[in-house]
Amino acid sequence: LEGGGMAPLAAMIPPPPPAHLSMRAEIEWLAGSADNARGVALALSSSLFIGASFIIKKKGLLMSVEKGGSSASAGGFSYLRQPVWWLGMLTMIGGESANFIAYAYAPAILVTPLGAATIAASAVFARFFLGEDMHICGIAGILLCTVGTVVLVRFAPEEAPVTSVEEVWSMAMQPVFRAYVCFVLSFTLALVYGAAPKYGKTHVVVYVAICSMIGSLSVMALRGIGIAAKLTMRGSDQLRKRETLFFILWVGCCIATQMNYLNKALDTFNTTMVSSVYYVFFTVCTVTASMIMYKDWENQTPGSIFWQVVALLVNVAGVHILSGTRDSAPGCRAGLRALLSRRKSEEKPEYTHLCACDDDAEQQQQQQQ
C-alpha cells in the first residue's frame, strides 16, 4: 500500500520469540512477564477443575432427584445429602482456589476470559460422563477457544503495582465503581424477586445473569484479597487490616448467592448451555468491573487493546459454537444452520424434559406421602 498504509497493522503484530529459549522462558515470553505466566498457569488449571466440577455436581443433582428428593430448581436442598455433589463442590473449591491465586499475579482482564477452557473441558467431560452429545462443530469451537486464549495471553496487560490493601480500597470507593455496584445490586434484586419466579425455569439467562453480576463483584474483592496475601508473603502484613476482612466477608456473601443460583441453573438446563452462557455473561461483567475499578486499559497501547478485544471475541465465538450446535442434527451443514437460524426447534429442548422429570418425581413423592 502507498504511503505506508500497512504500518499501523504491522505495529500490532508482535515480534517472534528469541531462539533457544527454555520452556519456562517461552511461557514467560508469551505471557509478557513471570507474574502473568504464573497467573495463566493457575487460571488454566482452575478451568479444568471447574469444568469437571460442573459435571460432578450435575451428576449429584440428578442422583438426588432420582432418589425422590426435591430438585434445586424447585427450591429443594436434598442434593446436600449426596456425597457426589459434595465431591463436585470440593473440586470447584480447588479450581476456585487456583483461580483466586491467579488473580494475585495477573489482571482480571487476562484471568477471566481464560475460563473458555472451562467450557471446552465441561463439553468433553459431559460427553463421556453424562452421555451428552458434542456436535462435530464443537471441535471447531474448542479450537477457536484455544486460539483466543493464546492471543489473549500474548497481549495481556501488565498488572499495575499496588503497595497496600488501602490502595485497593480507594479504588473500590471511586464514585464510578460505587455506581456500578449499586446498579448490579439493584438489577440483581429485580431479577431475584421479579424475573426468577416467572421465567427462571424457561430462560437460562435469568439465573446466569444473577450469578454473573454478583460474580463480577466477588472477583474484584478476590483480587484485593489476593494482592493482600501476596504483599503479606513479601513481608508487608495486609491480611489483618479491616479492608481485607471486609473483602473476605463480601466474597463469602457473593459466593453463597452464586452457588444458590448456579445450582438452580444446572438443575434446570443443559450443562453445556449453562457453562457457555455463564462464560459470556461472567466475562463481560468481570472485564467491565475490572476496567472501572482497576483501570486495566489505562496504560495500554491501542494495539494491545485491539488484540485483547479480538481474542475475547474469538473466545465468545468458540463458546457460541459449542453451545449453539449442542442440540442440532449431526453434520457441519446442520450445525451452521443451527448457528445462523433463529427458528425454534420442533423438538422440546432438554431443559423442558428435565423440568418435566422433576415435576413428575415431585408428584410421585407427594402421592406416596
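Right above here is the structure, for reference.
Please read all numbers here as calculations on a predicted model, not as lab measurements.

Asker: Which residues make up empty space enclosed by the protein, and what values do they have?
Answerer: Within the structure shown, the criterion is met by two cavities of 30 Å³ or more. Quantified by volume, the second largest cavity comes out at close to 50 Å³. The element best represented in the lining of the second largest cavity is helix H13 (residues 302-324), accounting for three residues. In the lining of the second largest cavity, the residues fall into seven nonpolar, one polar and no charged.

Asker: Break down the side chain of Ser-46 for me, with residues and values.
Answerer: Within the element layout of this structure, Ser-46 appears in helix H3 (residues 34-66). Of note is the side chain of Ser-46, whose polar atom sits 2.6 Å from the backbone oxygen of Gly-95. Setting aside its immediate chain neighbours within four residues, Ser-46 contacts Gly-95, Glu-96, Ala-98 and Asn-99.

Asker: Describe the nonpolar core, with residues and values.
Answerer: Membership of the largest hydrophobic core comes to 68 residues, with the highest contact counts inside it found for Leu-110, Phe-177, Met-220, Leu-262 and Met-293. The residues touching Met-220, leaving out its near neighbours within four places in the chain, are Ala-108, Phe-177, Thr-286, Ala-289, Ser-290, Met-293 and Tyr-294. Listed in part, the seven residues of the second largest apolar core include Ile-119, Cys-145, Tyr-279 and Leu-322.

Asker: Account for the pattern of salt bridges, with residues named and values stated.
Answerer: Once their charged atoms are close, side chains differing in charge can pair, the charge on each being opposite to the other. Tallied over the full model, the rule gives three salt bridges. Between Arg-240 and Asp-237 there is a salt bridge; the shortest N-O distance is 3.6 Å. Classification of Arg-240 by relative accessible area gives exposed; the value is 75%. Here Asp-237 falls in the partly exposed class, since its relative accessible area comes to 38%. Across the salt bridge formed by Arg-242 and Glu-243, the nearest N and O atoms sit 4.0 Å from each other. According to the relative accessible area criterion, Glu-243 is buried, its value standing at 12%.

Asker: Go over the packing of aromatic side chains with me, naming the residues and quoting the values.
Answerer: Aromatic rings in a pair are described by how distant their centres are and how their planes are angled relative to each other. Counted under the stated rule, the structure contains ten aromatic pairs. Pairing Phe-246 with Trp-250 gives two aromatic rings, centres 6.4 Å apart and planes at 20 degrees, and the pair type is stacked. Of this pair, Phe-246 and Trp-250 both sit in helix H11 (residues 242-268), four residues apart, roughly one helical turn. Among the residues examined, Trp-250 registers a relative accessible area of 25% and is labelled partly exposed. An angle of 20 degrees between the planes, with centres 5.4 Å apart, marks the rings of Tyr-278 and Phe-282 as stacked.

Asker: Requested: an account of the packing of H3 against helix H4 (residues 83-105), with residues and values cited.
Answerer: When two helices pack together, their arrangement is given by the angle between their axes and by how far apart the axes lie. At a minimum axis distance of 7 Å, the contact between H3 and H4 shows a crossing angle of 160 degrees. In terms of axis orientation, H3 runs roughly antiparallel to H4. By crossing handedness, the relation of H3 to H4 is classed as left-handed. Classifying every residue of the contact of H3 with H4 gives 17 nonpolar, nine polar and five charged.

Asker: Residue-level account of the side chain of Thr-149, with values.
Answerer: By the secondary structure assignment, Thr-149 is in helix H7 (residues 137-154). Sequence-distant contacts of Thr-149, that is, excluding residues within four places in its chain, are made with Leu-44, Leu-114 and Asn-315.

Asker: Explain the environment of Ile-139 to me, using residue names and the numbers behind them.
Answerer: Residue placement: Ile-139 occurs in helix H7. Residue classification places Ile-139 among the partly exposed residues on the basis of a relative accessible area of 48%.

Conventions we followed
- Residues numbered from 1 in each chain as written.
- Predicted model: local features only at pLDDT ≥ 70, side-chain atom pairs only at ≥ 80, totals over all residues.
- Heavy atoms only, no water.
- 1 Å grid on protein atoms, 1.4 Å probe; cavity = no way out; pocket = protein on both sides within 12 Å on 5 of 7 lines; lining within 4 Å.
- Points joined across faces, edges and corners; volume = space filled by probe spheres on them.
- Helix = DSSP H or I, 4+ residues; strand = E, 2+ residues; numbered from the N terminus.
- Nonpolar A, V, L, I, M, F, W, Y, C, P; charged D, E, K, R; others polar.
- Polar contact = N/O pair within 3.5 Å; in protein donor to acceptor, adjacent residues only side chain to side chain.
- Contact = heavy atoms within 4.5 Å.
- Core = buried A, V, L, I, M, F, W, Y, C linked by side-chain atoms within 4.5 Å.
- Buried < 20%, exposed > 50% of the residue type's maximum accessible area, 1.4 Å probe, protein only.
- Salt bridge = Lys/Arg side-chain N within 4 Å of Asp/Glu carboxyl O.
- Phe/Tyr/Trp six-rings, centres within 6.5 Å; stacked < 30°, edge-to-face > 60°.
- Axes fitted to C-alpha atoms, helices over the stretch in contact; angles between N-to-C directions.
- Parallel < 35°, antiparallel > 145°, perpendicular 65-115°, else oblique.
- Left-handed = near helix turned anticlockwise from the far one by under 90°.

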